[in-house]
Amino acid sequence: MSHTVGIRRIQKLRTRQALLDAALGLLEHQSLGSLGLREVTRAAGVTPTAFYRHFDDTAALGVALVEEALGSLHGVIGATLAETGDSEERLDRSVELTLRHVCEQPAHFRFIAREQHGGVGPVREAIAAQLRLFAAEMAAAIAREPQSRGWSEEDLLMLGGLYVDLMVITTSALLDAGPDGEQEVARVARRRLGLINLGRLHWLDDTSSTDTP
């Protein structure tokens, strides 16, 4: 009995993944808002009825694609930020890992870049929620470092958001540049990261002078 249940579960997971992969392929050439359910099921080789066993609609499928792309990146970046050692080196590795992740899953990130400001509300919200979570994770990691002593929670979250914004900008630039432009995108990203880090070192100096009557 349990063996049969296990086989059914595997088949269900395979069908769900087939739907996600089929949608991702179709979304290389169109937006999620124009994607038809029957297009997806035809490409996946399943019936429309099977679609509804996994997703309520194409918006829910889009949310799953967001989680598939950015959720996997969370683990990679989170592990890097949790390491001990030089803060700038860890952040630099985070940029490198982000670039590698985008190169390994370009279709996912083209979808996210297109839909971040697209017409499907639940997908926009899912992307925004994932980016906010990234910023909070960044802020929490930064807060553990000695050089963050005296920083307010608001400022830590602002800095985390700057790092995340850099990741988003870099991702978009990498998708536009293609393989031949990867090195230049990485170089510019590291320069921007260096500028943020420099500002970080002197942020409390600036706020102290501003607060002085």
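Up top is the structure.
The shown structure was predicted, so the numbers you read here are calculated from the model rather than taken from an experiment. (Residues numbered from 1 in each chain as written. Predicted model: local features only at pLDDT ≥ 70, side-chain atom pairs only at ≥ 80, totals over all residues. Heavy atoms only, no water.)

Peer 1: Which parts of the structure should I look at to understand the nonpolar core?
Peer 2: Where a protein is soluble and globular, its nonpolar side chains tend to be buried together. Within the largest apolar cluster, 56 residues are counted, with the highest numbers of intra-cluster contacts made by Leu61, Leu65, Phe109, Phe111, Val123, Phe134 and Tyr163. For this core, the elements supplying multiple residues, two or more each, are helix 1 (2-26), helix 2 (37-44), helix 4 (58-81), helix 5 (87-104), helix 6 (106-115), helix 7 (121-143), helix 8 (153-177) and helix 9 (182-201). Examining the composition of this core, we find that 10 residues originate from one element, helix 4, more than from any other. In this view, Phe111 contacts Leu24, Leu27, Leu32, Gly62, Leu65, Val66 and Val123; residues no more than four positions away in its chain are not counted. (Core = buried A, V, L, I, M, F, W, Y, C linked by side-chain atoms within 4.5 Å. Buried < 20%, exposed > 50% of the residue type's maximum accessible area, 1.4 Å probe, protein only. Helix = DSSP H or I, 4+ residues; strand = E, 2+ residues; numbered from the N terminus. Contact = heavy atoms within 4.5 Å.)

Peer 1: Help me understand the pattern of salt bridges in this model?
Peer 2: Any two side chains of opposite charge can pair, so long as their charged atoms come close to each other. If you walk through the whole model with that rule in mind, you get three salt bridges. Taking the shortest distance from any N to any O, the salt bridge between Glu28 and Arg110 comes out at 3.0 Å. Separated by 82 residues along the polypeptide, Glu28 in the loop between helix 1 and helix 2 and Arg110 in helix 6 bring together distant segments of the chain. Residue classification places Arg110 among the partly exposed residues on the basis of a relative accessible area of 32%. Of the charged contacts, one joins Glu145 and Arg200 as a salt bridge, the two residues approaching to 2.5 Å between their closest N and O atoms. Of the two residues, Glu145 is situated in the loop between helix 7 and helix 8 and Arg200 in helix 9; the sequence distance between them amounts to 55 residues. Taken as a pair, Glu145 and Arg200 share a single burial class, namely buried. (Salt bridge = Lys/Arg side-chain N within 4 Å of Asp/Glu carboxyl O.)

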